[in-house]
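Spelled out from the first residue to the last, the chains are:
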Amino acid sequence: MSNIITSTDINAALGNNAGNEVPIVNIRNLNVRSKSAHILKDINLIIPKNKITVLLGPSGCGKTTLLKCMNRLTDLYSELKLDGSIEIDGEDILSGKYDITQIRQKMGLVMQRPFPLPMSIYDNIAYGLKLKGVTNKAIIKEKVEKHLKEVALWDEVKDRLKTSAQRLSIGQQQRLCLARGLAVEPEIILADEPTSALDPISSRVIEEEFSNLKDDYTIILVTHILRQAKRLADFVVFMYYGEIVEYGPANEIFENPKTDILKEYLQVGH
Amino acid sequence: MTKRNLIDNISSKWMIVCLSFFLLLPVAIATGLVLKSEDLLSAHSLSDLIFSSDWSPSEGQFGFWPFILSSLWVTIIALIISMPLCLLAAIYLSQFAPKWVLEFMRPVIDILAGIPSVVYGVWGVLVVVPFVGETVAPFFNNESLGYSILAGALVLSVMSIPYILNMLLEVFRQVPIQLGEASLALGATKWETIKHVYVRKGATGILSAYGLGFSKALGETIAVMMVIGNVVQEPASVFDAGYPLPALIANNYGEMMSIPSYDSALMFGSLLLFVIILVINIVFRYLIYKSEEK
Amino acid sequence: MTLRRKWEETFFRVLSAAVALIVVLVLAHIIYTIISKGFSALSWEILSQEPKGGFYMGGGGGILNAIAGSFYLAIGASLLAFVVSLPVALFINIYLIRYSRLLIGIRFFLDVLWGIPSIVYGAFAFTIMIYFGLRNSLGAGIVTVGALIAPIMIRAMDEVLKTIPIGLQEASYALGSTKTETAYKIFFKRALPGFATAVLLAFGRGIGDAASVLFTAGYTDHVPRNLSDPTATLPLSIYFQLGSPIEAVQQRAYAAAIILTIIVLVISITARVLNKGKNKKKFKTFIASKRKKAKA
């Protein structure tokens, strides 16, 4: 791939097209290697605050790995080697200087399939709060209610908060997982194909919530569904085989693709 | 009918015969043992047999309580020792340790699980019995030869480690990694994730591993018999000698035909063991099956 | 992160590592004890001779009776178990493959059967023997140990057969094979390396078991000549000789223990190596794909 995008290009793109966006994530020269593969190659990326940035690309192109780098869940996979830097609010989370548990609380994670923790609905939300050191029961209760309302789940579950979260429908579970992530009051929501396991109605609910949430949160959304990207994205990062091929405001990317790969992708749709 | 079909027919029948043999085996064991115990059961009430401590076969007194008590003591103490050890080792191997450590340990654990119980018994006689008699007992101001409930429990706990540890590793392996990721992403530490997510998610499996470990230890014969002393008494402390049920059966089969009702008593002992272990196995296997189904 | 959380994390990380290390050390100590005690007691005489007069008072001779007896017994029991286990394993994977509830039930049942302690098998076999007026013999030992190890063998074979895709079965029928031909010609061949592992595992269990042979095989100073002779076995030879107050006899128990341990170690390692080939990888990916499908 010839056109590796540098941070200067990105700044230019931001300056030209998006006004004065404040970057919240600043990734420089990020490389991820496993024993047998070079998974992410020289990633340089700036993600603006309070916008929805979509990581787009065919499956296996490294989108999920990039997402996992941002809250260092890559630590779990000992075969992955990371170098470069990822600055979140100006702190390089790869440097090891910072407390990773606090960094992770700046980000809420929504995964491909919902994974409710093996506890009650109430405790799923309270879990992160307790980890943050909140012990006041009244505050916890209040926040559980607030965040369940935020994802439009409160009315459906308010009478059975103490029952196991695993009994919810899969769409409800996914909204619960979103609420669980919001409860730690993150700045960023990392969403990894959050609607891929859901029925169309639940998918729409999640998408609507994302649009509402972007006033308060920065959302980084991984998807391979082109239509979803078009509906939600403010910015688009198009990835292909571990590299960023194009990056820019959504309308620019979708209406005026520069590379052949992206043109083809937009036509074929996957 | 062609020759091929004939062969097919005979072979299927033989398969069914073999399967039926195994399906009927426990029924046959139960029936055989019940029939043999009938002699004893007709002369004594069940509660007498189980709760009486009077064991004098030549006078026709068969109280199993000392044996049941010994069995329970030694098995429960063994489990108390091995349960936390296995859980922590399983947590380390599956969560904290580098991958190669787990890869290395899996076959080692399997191989250790296959070491015959008599070999553990030899180790018990050489190492554990003197350790209990010369080090542990004096420390508690107790005079013990070392052949004791505690020695039996220590040997048994070591024996049950590979068995339980293997099952626990499987339990943790089945917890989806994304569940751990979800907890870490909320800012939990690794240990908090283990405590609140892995252990909780695997609770049924962990309980079942302990349950099956208990039943396995309860039926263990030769290694325990070698180190526990085999004295008929209600043990009052862990330094006393004991006489668990399997040891009773194994030690006395030689003279069981020479004393009236003695054979019946030993078969009743086997029946007790069989029923208890069967029930425990069914309950915990069922729990495992249920938790895997989810 | 508060100091307490950090401390707790470190504490448990260290504690669990220490426990894992202790477990390894204890188990290594067992092997070490057996080897260090047994090695000096080993000699050609012990391996190659039957006990002579006054053996149990410290006289000459060896434990050939127990070594040979154990091999006869374990080989016989493995063969017997194989003859009855193979049809069962093939039956449930070919004839019952479509009846998933029944299949689950049978697997559940075999797992439970596996849990029955060997002393119960021994006691039960003994009552049968008394009923028919049979004496302790190699044959009776073989049957008892065979029944004891068969559930293990069936389940191990079953795990191998489970991995064979159903498409292979369909392909075989499509070519006009009967179920028996499919079972013995296609499945059997395909699963052969896995079966070798299953048999070895069961053999290892059989050769080490003491409680069931105590009742059924008897004990003798001679190598058995036919199935109706009683036979000595290594586990019992260890047990009886270790109980002796005479040092020289105890030494032989250690020798017997190291021989038994080495046999079992060689068998489990061989089984491991055999199992390590392609079979396992296929098995894992297959299971993974199956789980995904089940979830989807």
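Nothing here was measured: the structure is a model prediction, and the numbers come from that model.

So, how was this worked out
- Residues numbered from 1 in each chain as written.
- Chains lettered and ligands numbered in written order.
- Predicted model: local features only at pLDDT ≥ 70, side-chain atom pairs only at ≥ 80, totals over all residues.
- Helix = DSSP H or I, 4+ residues; strand = E, 2+ residues; numbered from the N terminus.
- Buried ≥ 20, exposed ≤ 12 C-beta atoms within 10 Å, placed from the backbone.
- Contact = placed C-beta atoms within 7 Å.
- Nonpolar A, V, L, I, M, F, W, Y, C, P; charged D, E, K, R; others polar.
- Pairing = 2+ DSSP bridges.
- UniProt positions renumbered as here; feature names shortened; annotations may be inferred.
- Axes fitted to C-alpha atoms, helices over the stretch in contact; angles between N-to-C directions.
- Core = buried A, V, L, I, M, F, W, Y, C linked by C-beta atoms within 7 Å.
- Domains from an automatic or database assignment.

J.: Looking at this structure, I do not really get the overall build of chain B. What am I missing?
T.: A count of helical and extended segments in chain B gives twelve helices and two strands. Listed N to C, the secondary structure of chain B is α-α-β-β-α-α-α-α-α-α-α-α-α-α in terms of helices and strands. Viewed in the frame of its principal axes, chain B has a C-alpha envelope of about 80 × 70 × 35 Å. Residues classed as buried in chain B amount to 53% of the 294 residues present. Once local pairs closer than 6 in sequence are excluded, the contacts in chain B between residues at least 24 apart make up 74%.

J.: Could you clarify how one ought to interpret the interface of chain A and chain B in this entry?
T.: When the parts come together, some accessible area is lost, and that loss is often what is quoted as the size of the interface. Every contact between the two is made by 21 residues of chain A and, on the other side, 20 residues of chain B. Ranked by residue count, the leading element in the side of chain A that touches chain B is helix H3 (residues 100-105) of chain A, at four residues. Grouping the constituent residues of the side of chain A that touches chain B by class yields twelve nonpolar, six polar and three charged.

J.: I'm lost on the interface of chain B and chain C in this one. Help?
T.: Counting residues at the interface gives 69 residues for chain B, matched by 65 residues for chain C. A breakdown of the residues in the side of chain B that touches chain C according to their chemical character gives 50 nonpolar, twelve polar and seven charged.

J.: So what exactly am I meant to see when it comes to the pairing of strand E10 (residues 243-249) of chain A here?
T.: Sheet faces and side chains relate simply in a regular strand, where the side chains alternate between the two faces. Across the seven residues that make up E10(A), a large majority, five, are buried. As consecutive antiparallel partners, strand E9 (residues 235-240) of chain A and E10(A) are separated by two residues, and within that stretch Tyr241(A) has a phi angle of approximately 45°, a positive value.

J.: What exactly am I supposed to notice about the UniProt feature "domain: ABC transmembrane type-1" (unreviewed entry) in chain C here?
T.: The residues that UniProt annotates with the feature "domain: ABC transmembrane type-1" (unreviewed entry) are residues 67-271 of chain C. Measuring from the first to the last C-alpha atom of residues 67-271 of chain C gives 21 Å, for a span that is 79% helix and 0% strand.

J.: How should I be thinking about the sheet that holds strand E7 (residues 188-192) of chain A in this particular structure?
T.: Through backbone hydrogen bonds, the strands of a sheet pair up, either in parallel or in antiparallel fashion. Residue and element names in this part refer to chain A. Reading across from one edge, E6-E7-E8-E3-E9-E10 is the order of the six strands in this open sheet, with mixed pairing throughout. Every other strand in the sheet has two partners, leaving strand E6 (107-110) and E10 as the edge strands with one partner each. Across the sheet, the mean angle from the axis of one strand to that of its neighbour is 15°, orientation sign disregarded.

J.: What's the story with the environment of Tyr72(C) in this structure? I'm lost.
T.: Residue and element names in this part refer to chain C. Note on placement: Tyr72 falls in helix H3 (residues 64-94). By C-beta crowding, Tyr72 is classed as buried, having 20 other C-beta atoms within 10 Å. In sequence terms Tyr72 and Phe55 are 17 residues apart; their C-alpha atoms lie 23 Å from each other. With sequence-adjacent residues up to four places away left out, Tyr72 is seen in contact with Leu138, Pro224 and Thr231.

J.: Explain the nonpolar core here, please?
T.: The nonpolar side chains of a soluble globular protein tend to be buried with one another. Core analysis: the biggest nonpolar cluster contains 264 residues, and Val122(B), Val155(B), Leu168(B) and Met153(C) have the highest contact counts within it. Top contributing element to this core by residue count: helix H6 (residues 149-174) of chain B, with 17 residues. Val155(B) has contacts with Tyr120(B), Gly121(B), Gly124(B), Val128(B), Ala223(B), Val224(B) and Val227(B), leaving out every residue within four places of it along the chain.

J.: Mind showing me how you'd approach the environment of Gln105(A) here?
T.: On the secondary structure map, Gln105(A) appears in helix H3. Through-space distance from the C-alpha of Gln105(A) to that of Glu243(A) is 28 Å; in sequence the pair is 138 residues apart. Among residues more than four places away in sequence, those in contact with Gln105(A) are Lys132(A), Val184(A), Pro186(A), Leu186(B) and Gly187(B).

J.: It is not clear to me how the sheet that holds strand E5 (residues 91-92) of chain A should be interpreted in this structure. Could you clarify?
T.: Residues and elements named next belong to chain A. Spatially, the four strands line up as an open sheet ordered E2-E1-E4-E5, and their pairing is antiparallel. The sheet is open, and its two borders are formed by strand E2 (38-48) and E5, each paired with just one other strand. For strand E1 (residues 23-33) and strand E4 (residues 81-88), the ladder comprises seven bridges, and the chain directions are antiparallel. The partner of Ile27 across the bridge, within E4, is Ile86.

J.: Hey, could you run me through unusual backbone geometry in this one?
T.: It is generally the case that most residues other than glycine have a negative phi and that most peptide bonds are trans. All names here are of chain A. In this structure, Asp42 is a non-glycine residue whose phi angle is positive, near 45°. Within the secondary structure, Asp42 sits in strand E2. The class for Asp42 is partly exposed, based on 17 C-beta atoms found within 10 Å. For Glu185, which is not glycine, the phi torsion reads 50° and is therefore positive. By the secondary structure assignment, Glu185 is in the loop between helix H7 (170-183) and E7.

J.: Help me out: how do you make sense of the pairing of E7(A) in this one?
T.: Residues and elements named next belong to chain A. Counted residue by residue, E7 has five buried out of five residues, so it is predominantly covered. A two-sided burial pattern is seen for E7, the buried positions comprising Ile188, Leu190 and Asp192 on one face and Ile189 and Ala191 on the other. Where E6 and E7 come together, four bridges link them in parallel fashion. Following the sheet pairing, Leu109 is matched in E7 by Leu190. Sheet topology places E7 next to strand E8 (residues 218-223); five bridges connect them, and they run parallel.

J.: Even after reading the chapter, I still don't get the domain arrangement of chain B, so can you show me in this structure?
T.: Residues and elements named next belong to chain B. The domain boundaries assigned to chain B delineate domain 1 (3-51) and domain 2 (65-293). In this complex, domain 1 contributes twelve residues to the contact, which on the side of domain 2 involves twelve residues. For the side of domain 1 that touches domain 2, the class distribution of residues is nine nonpolar, one polar and two charged.

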